[in-house]
Amino acid sequence: MSSARKRNKNGEIKSDCPSPTTSPKSSKDFDRPQVCGPAPRSADEDAQKERDQIDYSIKISLDDAKAGKAPRRVRIYADGIYDMFHSGHARQLMQTKIAIPNSYLIVGVCNGELTQKMKGRTVMDEKERYEAIRHCRYVDELVTDAPWTLTDEFLDYHKIDFVAHDEIPYGAIGSDDVYAIIKERGIQNILSISVLGFCPVQANIKNGERCSSAACYLRPVIRRQNLQVSIKSHVSKIPVLANLPVGKNYKDHHSLVLTYSINTTLTSNSNQDDIAEKLEYILHRRGRYSSTIDGHVFSKMPMKGTKKAYPNIQIEFLRKSRGFLKLKSRDPLVSPLINPNAFSQPIDVSKLISGIRLVQSFERTKAWKSLDARLIRMDTTNHCDRLPFNTDAHWDCIIRHFADNGGHQTGTCRMGAKSDPTTVVDPYLRVKGIRNLRVVDASVMRNLPSGNTHAPTVMIAEKAADLIKRARKLKIYK
C-alpha cells in the first residue's frame, strides 16, 4: 500500500489526500493535484480489514446517509466496463462518491471474457481497465472479475449499503434487468437519475451565445506556431501505405420532422410581452434568449427482439442499418460516394413509426388541445397519397420518402485493437500501419451513441490531446 493510504488507531483506512467523501463547496475543490496510492483490490489485506470492521447488521436509510447521520461508514457499489477510462467515467465516480458523506466507494469491473460475451470487444484489456479504476482518486476499493448480475451473496459479502445504477432496466443475456435483485431487496439507488422523459437541452453556451468547438477551442489558439488548419483541402496524390476498411461501418440517426398547425402564435420573435426577457439578454446575456430550444424528449419504445435499456427515441432515432462511404473516382476533386443504406433494416422503420405514435399521443393532452394542434399531412400527389392515411403502411411510405439523416455520422474509421480487421485506428487513435497520423473525430466511434454526438466527440478530442502530450513526453512516435 502506498504511504498515502494509512490506518488510524481504530484500524480505519485513511488517506493523505484531501477526502472527497464530503460534499465540496464547488467543483474547484477537486481540482487540487493529488499524490495517492492506488486503491486496494477486494482480496487485499487492507480491503478485508475495512470490510471486517463493518457491522452490516446496522442498516442505514438513504435519508440518514445523505444527511451525514449514518452510524458507520457507508459502503457504495458501482460497476461497469470502464473501457478507455475518461473524464466522463471519473465524473460519474465523483458524483457517486460525494453523494453521501463518509462513504466508501467500491467499484466492480468485469473481466475480459465476460465483457466480450455480454457486450463485445473492448479496446483496453482487463488489466488496463483494472489499473485505470485503481488509480482514480474517488475509488476506495476495486472488485476484479465483477459479476454481470449482482447476487445476494455478492451484496452480503461486500456489505454493500447502496448501489449506483440506472433507473432504466438494464437488459442482458438471460435477464431483463441485471439490477432487479437490487430493487427487490430495497437497496436504493443513490443517484436516481433517469434519462427518460422531457428534459432541458444541454448546449455549449458562452456569454449567452452558442459556442461551437471551433469558437471555444480553436479560435483562441489559432495563431500558435504548432497549429495548422487546412479547410476545403484535397489530397491530390499519395502512395498507398495501408489497406484499411476506411468508409465501412457508416452509421447515422434518422430524423423525420412532423409539422403541426396551432391556433395562436408561440414564436419568441413575435411576442410583444417579453421586454423584460429581451433586456435581460441584452444587458446580462442571461434568460430565455441565451438558450437554444426549450427541451426534448427521450423515450424507450418497446421493440420486438431487443431488451436494450437505453433510449432509442429522441424524436430522433437509434438505427440498426449500416451504410458505407467510398471513392467514386480516381479524381480527388470528385465527391465520394456515400450510401447510408437507410432503412435496410425493417426495425428502423418500426422505431420511427413508434416515435410518430408517441408524438400523436400528445394531441390528446390538455395542453395540445388548448392550441388546437393539428398534424399537417406530408403526402403529395404520387407520394404516399394512395395509402390510407395514418396507417402503418402510410407512415412507412412517408418515412422512406421524407426522412432525413440526423447529422450524426459515425463509424467510418472505427477504433479498436490492432488485431481487429474492422478497425482503422488503434486505441491511441493512430492509423494502423502509418506513422505520425491520427484520426480524432466521430468517425472513430465503434458504435452510434444513443444521443447526440457532439459531447462524445469533444471527449474523444480531449482524450486525444492527452494521448499526444503523453507520447511527446515519453518520446513515443509510432
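Residues numbered from 1 in each chain as written. Predicted model: local features only at pLDDT ≥ 70, side-chain atom pairs only at ≥ 80, totals over all residues. Heavy atoms only, no water.

The name an unreviewed UniProt entry assigns to the protein is PCYT1, from the organism Mytilus edulis. According to the UniProt record, the Sequence similarities (unreviewed entry) comment for the protein is "Belongs to the GMC oxidoreductase family." (UniProt positions renumbered as here; feature names shortened; annotations may be inferred.)

Time to look at the packing of aromatic side chains. One pair of aromatic rings is described through two measures. These are the centre distance and the angle between the planes. Applying the stated criterion across every chain, the model contains five aromatic pairs. Between Phe389 and Trp395 the ring centres are 6.4 Å apart and the planes differ by 50°, which places this aromatic pair in the tilted class. Relative accessible area serves as the criterion here: at 35%, Phe389 is assigned to the partly exposed category. Judged by relative accessible area, Trp395 falls into the buried class, the value being 2%. Among the aromatic residues, ring-to-ring pairing joins Tyr260, Phe362 and Trp368 into one connected group. Between Lys59 and the ring centre of Tyr56, over which it is positioned, the NZ or CZ distance is 3.5 Å. (Phe/Tyr/Trp six-rings, centres within 6.5 Å; stacked < 30°, edge-to-face > 60°. Buried < 20%, exposed > 50% of the residue type's maximum accessible area, 1.4 Å probe, protein only. Lys NZ or Arg CZ within 6 Å of the ring centre and 35° of its normal.)

Counting 41 residues, the largest nonpolar core has Tyr82, Phe85, Leu93, Val107, Ile133 and Val425 as the members making the most contacts within it. Within the residue set of this core, elements represented by two or more residues are helix 2 (62-66), strand 3 (74-80), helix 3 (87-98), strand 4 (103-109), helix 5 (126-134), strand 6 (162-164) and helix 13 (454-474). With four residues, helix 3 is the single largest residue contributor to this core. Tyr260, Ile353, Val359 and Trp395 belong to the second largest nonpolar core, which has 16 residues in total. (Core = buried A, V, L, I, M, F, W, Y, C linked by side-chain atoms within 4.5 Å. Helix = DSSP H or I, 4+ residues; strand = E, 2+ residues; numbered from the N terminus.)

The next subject is the pattern of salt bridges. Per the stated rule, a full pass over the model turns up 14 salt bridges. Its salt-bridge partner being Arg374, residue Asp372 comes within 3.1 Å of it at the nearest N-O pair. According to the relative accessible area criterion, Asp372 is partly exposed, its value standing at 32%. Taking the relative accessible area as the measure of exposure, Arg374 reaches 52% and is therefore exposed. Across the pair Arg430 and Asp426 runs a salt bridge whose closest N-O atoms are separated by 2.8 Å. Both residues of the pair, Arg430 and Asp426, count as buried. (Salt bridge = Lys/Arg side-chain N within 4 Å of Asp/Glu carboxyl O.)

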